[in-house]
Amino acid sequence: MVTIIIGLYVTQLTGSVSAVGLVLGAYTAPLVLFLLLGGVIADRLPRRAVMIGSDAVRGVLHAAVAVLIALDAAQVWHLVLVGLLFGTAAAFFRPAYTGLVPQCVPEELIQPAQALTGISREVSTVAGPAIGTALVIGVGAGAAYALDVVTFAISIAFLLRVRPRVRGAPGVRSTIVLELKEGWTAVRERAWVWATIAAFSVTLLCGLAPYFTLGASIAGEQYGEVAVYGLVQIATGAGMVAGSVWGSRWRPRFPLRMAMGGTLAWPLCLVAFALGAPIGALAVTAVAGGIGLGLFGVWWETALAQRIPPHLLSRVSAYDWMGSFAFLPAGYVLAGVVGEAVGASPTLLVGACLCAVALAAGLIPRETRMLPQPAA
């Protein structure tokens, strides 16, 4: 919801896509900088406690934004400052989350558990843009931020009820630097891990960053209505829900081969959006792209949980998140600058083509294509 809110609100506030990119970059840059530290902390401390602390900080920050908007005092620099602090707190949540999920179920239920978390996440992906778009356009961005504060409170309430099990042998405590190296070694030794991370790093830089930065402008240019931007996200989210449900039961022989192949539908959605395709065709490509992303999410998280030693999982996850998001802050800013120079639609169109190339290249390592489904 928040990404959609930022795109719509900052566009309303300034009329500048560069400002949208600047704010989105502020949310993402510290996430990249502190993810590795977050991974070490999540492997050292109780993961549930780390997540609760992160939720509390982020809830307070967005409460401050809601107040500023209500007072008609919000400025771009306020949103940039909040984004920097928000992204720092989020860097500690994500690795802890990845490590906590397998601790909540028996080993044989890890894939259905990953699918269930994917379904809940993608349901919010459907509901979030719809609610965010309706609130910003119909009521105001302050109400949208206030609702986001409530979501963090709900998250904390549920986390307080989680009772994670002990999983695997504990790691040997050493210095932060040595523990970071240990996590990097685990990534480097597995081609299926680092190649997939590299593919998505390019994908987010060339596809996701231009889409989020320029999406509202493209919707206005191509369709005459910025709400289409939110509708595309809703359709993609619906596809991701379907993909997550499907992935809960489907156990292909070579899951990552199928996962990476399925993601190739998503760049097609970006192409259709950039070219102003008819709404019906755009919706079909968005749903198809969402299904591919939903299947990928389930199978990727399951592969990490099953094949990475538990005491390293949060650190490997941190490298995953950091690698995927490494160029995203620059991508937001660059997309805004290039979009203003050559046009929003051409920028997204070229980025979508580069996405397709990157995702296809992720299938080059034999280890990715031939990684088998573990025995039951």
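Residues numbered from 1 in each chain as written. Predicted model: local features only at pLDDT ≥ 70, side-chain atom pairs only at ≥ 80, totals over all residues. Heavy atoms only, no water.

1. Comments concerning empty space enclosed by the protein
Selection criterion: A cavity here means a set of points on a 1 Å grid, drawn over the protein atoms and nothing else, where a 1.4 Å probe fits but cannot get out; a pocket is an open set with protein on both sides within 12 Å along at least five of seven lines, and a residue lines either one if it has an atom within 4 Å of a point. Grid points are joined across faces, edges and corners, and a volume is the space filled by probe spheres set on the points. Residues are grouped as follows: Ala, Val, Leu, Ile, Met, Phe, Trp, Tyr, Cys and Pro are nonpolar; Asp, Glu, Lys and Arg are charged; every other residue, Gly included, is polar.
The tally for this structure, following the rule as stated, stands at one cavity of 30 Å³ or more. The volume enclosed by the largest cavity comes to roughly 50 Å³. Along its surface, the largest cavity is lined by Gln111, Pro255, Trp299, Thr302, Ala303, Gln306, Arg307, Pro372, Gln373 and Pro374. For the lining of the largest cavity, the residue count by class is five nonpolar, four polar and one charged.

2. Overview of a nonpolar patch on the surface
As a reminder of what qualifies: Surface patches are defined over residues having more than 30% relative accessible area and no salt bridge, joining like charges when they lie within 9 Å and nonpolar side chains (Val, Leu, Ile, Met, Phe, Trp, Tyr) when within 5 Å. Surface accessibility follows the Shrake-Rupley procedure with a 1.4 Å probe radius. Residue values consider only the protein chains on display as shielding. Salt bridges, as used here, are contacts in which a Lys or Arg side-chain nitrogen is within 4 Å of a carboxyl oxygen on Asp or Glu. Secondary structure elements follow DSSP: runs of H or I no shorter than four residues count as helices, runs of E no shorter than two count as strands, and numbering proceeds from the N terminus. Throughout, exposure labels follow a simple rule: accessible area from a 1.4 Å probe, protein chains only, divided by the maximum for the residue type, with under 20% read as buried, over 50% as exposed, and the rest as partly exposed.
Among the surface-exposed residues, Leu22, Val333, Leu334, Val337, Val338 and Val342 lie close enough to one another that they form a single nonpolar patch of about 480 Å² accessible area. At five residues, helix 14 (residues 328–342) tops the list of elements feeding residues into the nonpolar patch. Inspection of the secondary structure puts Val342 in helix 14. Note on Val342: relative accessible area 52%, which makes it exposed.

3. Let's talk about the pattern of salt bridges
This structure, assessed with the given rule, holds six salt bridges. In this structure, Arg47 and Asp43 form a salt bridge, with 2.6 Å as the shortest nitrogen-oxygen distance. Between Asp55 and Arg58 there is a salt bridge; the shortest N-O distance is 2.9 Å. Pair noted here: Asp55 and Arg58 are both in helix 3 (residues 47–70), with a separation of three residues, about one helical turn. When its relative accessible area of 2% is taken as the criterion, Asp55 is described as buried. Take Arg58: its relative accessible area is 9%, and that puts it in the buried class.

4. Considerations on helix 10 (residues 255–263)
Because the α-helix completes a turn every 3.6 residues, residues three or four places apart line up on one side. What counts is decided by this rule: Think of the arc as the fan of directions from the helix axis to the C-beta atoms. Every residue pair with non-hydrogen atoms within 4.5 Å of one another is taken to be in contact.
Restricting attention to buried positions, one finds in helix 10 the residues Pro255, Leu256, Ala259, Met260 and Thr263. Along helix 10, the residues classed as buried sweep out an arc of 120° about the axis, all on the same side. Elements that come into contact with the buried residues of helix 10 comprise helix 8 (191–223), helix 11 (265–275), helix 12 (279–307), helix 15 (344–361) and helix 16 (366–370).

5. Considerations on the packing of helix 2 (residues 17–44) against helix 13 (residues 313–325)
For the record, the criterion: An axis is simply a line fitted to the C-alpha atoms; with a helix, the fit covers only the stretch in contact. Between two such axes, the angle follows the N-to-C directions and lies from 0 to 180 degrees. The labels follow the angle: roughly parallel below 35 degrees, roughly antiparallel above 145, roughly perpendicular from 65 to 115, and oblique for the rest.
Running from N to C, helix 2 and helix 13 cross one another at 170°; their axes reach a closest spacing of 7 Å. Here helix 13 runs roughly antiparallel to helix 2, going by the angle between their axes. On the side of helix 2, the interface is formed by Thr28, Leu31, Val32, Leu35, Leu36, Gly39, Val40, Ala42 and Asp43, while helix 13 contributes Leu313, Ser314, Arg315, Ala318, Tyr319, Trp321, Met322 and Phe325. Considering only residue class, the contact of helix 2 with helix 13 consists of twelve nonpolar, three polar and two charged.

6. Comments concerning the environment of Arg366
Tracing the chain through its elements places Arg366 in helix 16. Residue classification places Arg366 among the exposed positions, given a relative accessible area of 57%.

None of this, on its own, says anything about what the molecule does.
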